[in-house]
Amino acid sequence: MAGDLNKAIALIDAANAADPTLEDGQPAARLYGERMSSELDRLFPDASDVLKIASRGQHVERWKLPRKDYPEGRAGYFAWRKEQGRRHGERVAGIMAEAGYDEAAQERVGVLLRKEGIKRDDEVQALEDVICFTFLKWYFSPFADTQKPEALPRIVERTAAKMSVEGRARALQEFDLPEPFAAMFRD
């Protein structure tokens, strides 16, 4: 598996630097990748290279497949999200090849980015916990402002359900969640 982690991260950042959507004056996908890496380092300091690369590449070139290209509603959203996972897995595997990682590592990053084995595979679950922490810390509040208030409990419930027991417990410690949202992390 020996590859160049720094090169892989730099290649992901270079790809995401082309994101035309800006957030805080930076390409949104690149900023998201940096936030994911920061949360991973904090939550899972001993993460493997593959998990570090998957975290950084979670939204690699996401803007190239707009959500609006898929039908409205849950079915359209899930189809879009599944295709994003497939595309991200392929793109990041190619980046890993360029950075000297072997085929097994390239295949493994695809498993993580497609979320295969969530709740059964420790690394897939760790990635999902990092995604949820990043969402709660950086994106939930602005996202909530775009939603109908009655939709928020279901969104929070789904977020909590994706997390590990340890992740939910840590979220309760780190975030000041109002009731009944906090209750969703205790169940």
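Up top is the structure.
To keep things clear, this report deals only with the structure shown in the data block. Here the residue index of a chain counts from 1 through its sequence in written order. A pLDDT threshold of at least 70 governs which residues receive local features in this predicted model, and a stricter bar of 80 or more applies before side-chain atom pairs are shown or counted, although totals over entire chains, interfaces and linings include all residues. Hydrogen atoms and water are omitted, and side-chain values are computed over all heavy atoms in the structure.

Description of the pattern of salt bridges
By definition, a salt bridge exists where a carboxyl oxygen of Asp or Glu is found within 4 Å of a side-chain nitrogen of Lys or Arg. The full count for this structure, using the stated rule, is 19 salt bridges. Of the charged contacts, one joins Glu61 and Arg91 as a salt bridge, the two residues approaching to 2.9 Å between their closest N and O atoms. In this pair, Glu61 sits in the loop between helix H3 (49-56) and helix H4 (73-98) while Arg91 sits in helix H4, placing the two residues 30 residues apart along the sequence. Ionic pairing is found between Glu174 and Arg170, a salt bridge with its closest N-O pair at 2.6 Å. Placement of the pair is Glu174 and Arg170 together in helix H8 (residues 165-174), with a separation of four residues, close to one helical turn. Within the structure, one salt-bridge network assembled from shared partners comprises Glu39, Arg42, Lys137, Arg170 and Glu174. Going along the chain from the N terminus, every DSSP run of H or I of four or more residues is numbered as a helix, and every run of E of two or more is numbered as a strand.

Points about the environment of Glu116
Note that Glu116 resides in the loop between helix H5 (103-113) and helix H6 (122-144). Given the relative accessible area of 36%, Glu116 is considered partly exposed. As a C-alpha pair, Glu116 and His59 span 57 residues in sequence and 16 Å in three-dimensional space. Here Glu116 is in contact with Val111, Asp121 and Val124, once residues within four sequence places are set aside. Polar contacts here mean pairs of N or O atoms no more than 3.5 Å apart (in protein, one a potential hydrogen donor and the other a potential acceptor; neighbouring residues in sequence count only if both atoms are side-chain atoms). Of note is the side chain of Glu116, whose polar atom sits 2.6 Å from the side chain of Arg114. Categorising residues by exposure relies on relative accessible area from a 1.4 Å probe, with only protein chains included: less than 20% of the type maximum marks a residue as buried, more than 50% marks it as exposed, and the intermediate range marks it as partly exposed. Residue contacts are defined here by distance: any two heavy atoms, one from each residue, within 4.5 Å place the two residues in contact.

Considering the packing of aromatic side chains
Aromatic ring pairs are reported here in terms of the distance separating the ring centres and the angle at which the planes meet. Pairs were defined over the aromatic rings of Phe, Tyr and Trp, the Trp ring being its six-membered one, requiring ring centres within 6.5 Å. Orientation was assigned from the angle between planes: stacked under 30 degrees, edge-to-face over 60, tilted for the rest. Throughout the structure, instances matching the rule amount to seven aromatic pairs. Consider the rings of Tyr32 and Tyr139, whose centres lie 5.7 Å apart with planes at 55°: the pair is tilted. With Tyr32 in helix H2 (residues 28-43) and Tyr139 in helix H6, this residue pair connects regions lying 107 residues apart in the sequence. Across this residue pair, the class does not change: Tyr32 and Tyr139 are buried. Centre to centre, the rings of Phe133 and Phe175 are 5.6 Å apart; their planes meet at 45°, and the pair counts as tilted. Here Phe175 lies in the loop between H8 and helix H9 (181-186) and Phe133 lies in helix H6, a separation of 42 residues in the sequence. In terms of burial, Phe133 and Phe175 fall into one category: buried. Ring pairing ties together the aromatic residues Phe135, Phe140, Phe143 and Phe181, which thus form one cluster.

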